[in-house]
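Okay, here's what each chain looks like letter by letter:
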Amino acid sequence: MIPHLKSFTAGAALAVLLAALPPCSFAADKNKAAEEAGAILFRGKGCAHCHGDDLAGTKKGPSLANIDKDKQWTLERITYQILNGGQKMPPFADSVTDEEAAQLVAYLRAKHRPVLPPPAPGTPPPPDPPAR
Ligand code: HEC
């Protein structure tokens, strides 16, 4: 018997055990709820009207599909863009609460963005976005 083998085995078993534990599953659930709320808001507040239902962009707005990977679009900057708008994007500070803005940001920055089912037939279109 090699003297160190026993403690090595115990250490390896512990490492396997720790690796198998889900990293803080409570926080993950909370985040997922925010991401889903954000997906619904993205459609409901008219963002999809310019940025596309699938975030691929339209003639009216750029694609947001890779914004989660684009380091310049920090949480703060995306929030600022939503609340204050841009050159052609209207500001949403009057029609989106701080919590809703946070949910929109959670959705845009999500690793696995929730995909909504298509709207049921007969669902009224979202209201026009605020005028610039
Ligand atoms: C009327 C069209 C329009 C609507 C509605 C709109 N956007 Fe935009 N958005 C734009 C345009 C155009 C830009 C590019 C910058 C600019 O000109 O303001 C932009 C830029 C952005 C950006 C920065 C990305 C970039 O590459 O510039 C984010 C994030 C964003 N929009 C999120 C949203 C969200 C979230 C909503 C809904 C609350 C929304 N937009 C609604 C037109 C729109």
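Keep in mind the model is a prediction, meaning the values are calculated, not measured.

Colleague: If you had to explain the site of the ligand to someone new, which residues and values would you point to?
Modeller: Residues in contact with the ligand amount to 20 residues; listed here are only the nearest, Cys-47, Cys-50, His-51, Lys-88 and Met-89. Here His-51 contributes a side-chain N or O atom positioned 2.8 Å from a nitrogen atom of the ligand. Here an oxygen atom of the ligand sits 3.0 Å away from a polar atom, N or O, in the main chain of Gln-87. Listed by contribution, the elements that provide at least two residues to the shell around the ligand are α3 (47-51) and α4 (75-84).

Colleague: Can you explain the side chain of Gln-103? Please cite residues and give values.
Modeller: Inspection of the secondary structure assignment puts Gln-103 in helix α5 (residues 98-109). Among the residues examined, Gln-103 registers a relative accessible area of 17% and is labelled buried. Ignoring anything within four residues of it in the chain, the contact list for Gln-103 reads Ala-34, Ala-37, Gly-38 and Leu-41.

Colleague: How would you explain the pattern of salt bridges if you had to name every residue and give the values?
Modeller: For the coordinates displayed, the defined rule picks out four salt bridges. Residue Glu-100 pairs with Lys-45 through a salt bridge whose shortest N-O separation is 3.8 Å. You can see Glu-100 sitting in helix α5 and its partner Lys-45 sitting in the loop between α2 (25-44) and α3, a full 55 residues away along the chain. Note that Asp-68 and Arg-113 form a salt bridge whose closest N and O atoms lie 3.3 Å from each other. With Asp-68 in the loop between α3 and α4 and Arg-113 in the segment after α5, this residue pair connects regions lying 45 residues apart in the sequence. Classification of Asp-68 as partly exposed rests on a relative accessible area of 27%. Three or more residues are tied together by salt bridges with common partners; here these are Asp-68, Lys-69 and Arg-113.

Rules of the game
- Residues numbered from 1 in each chain as written.
- Predicted model: local features only at pLDDT ≥ 70, side-chain atom pairs only at ≥ 80, totals over all residues.
- Heavy atoms only, no water.
- Near = heavy atom within 4 Å.
- Polar contact = N/O pair within 3.5 Å; in protein donor to acceptor, adjacent residues only side chain to side chain.
- Helix = DSSP H or I, 4+ residues; strand = E, 2+ residues; numbered from the N terminus.
- Buried < 20%, exposed > 50% of the residue type's maximum accessible area, 1.4 Å probe, protein only.
- Contact = heavy atoms within 4.5 Å.
- Salt bridge = Lys/Arg side-chain N within 4 Å of Asp/Glu carboxyl O.

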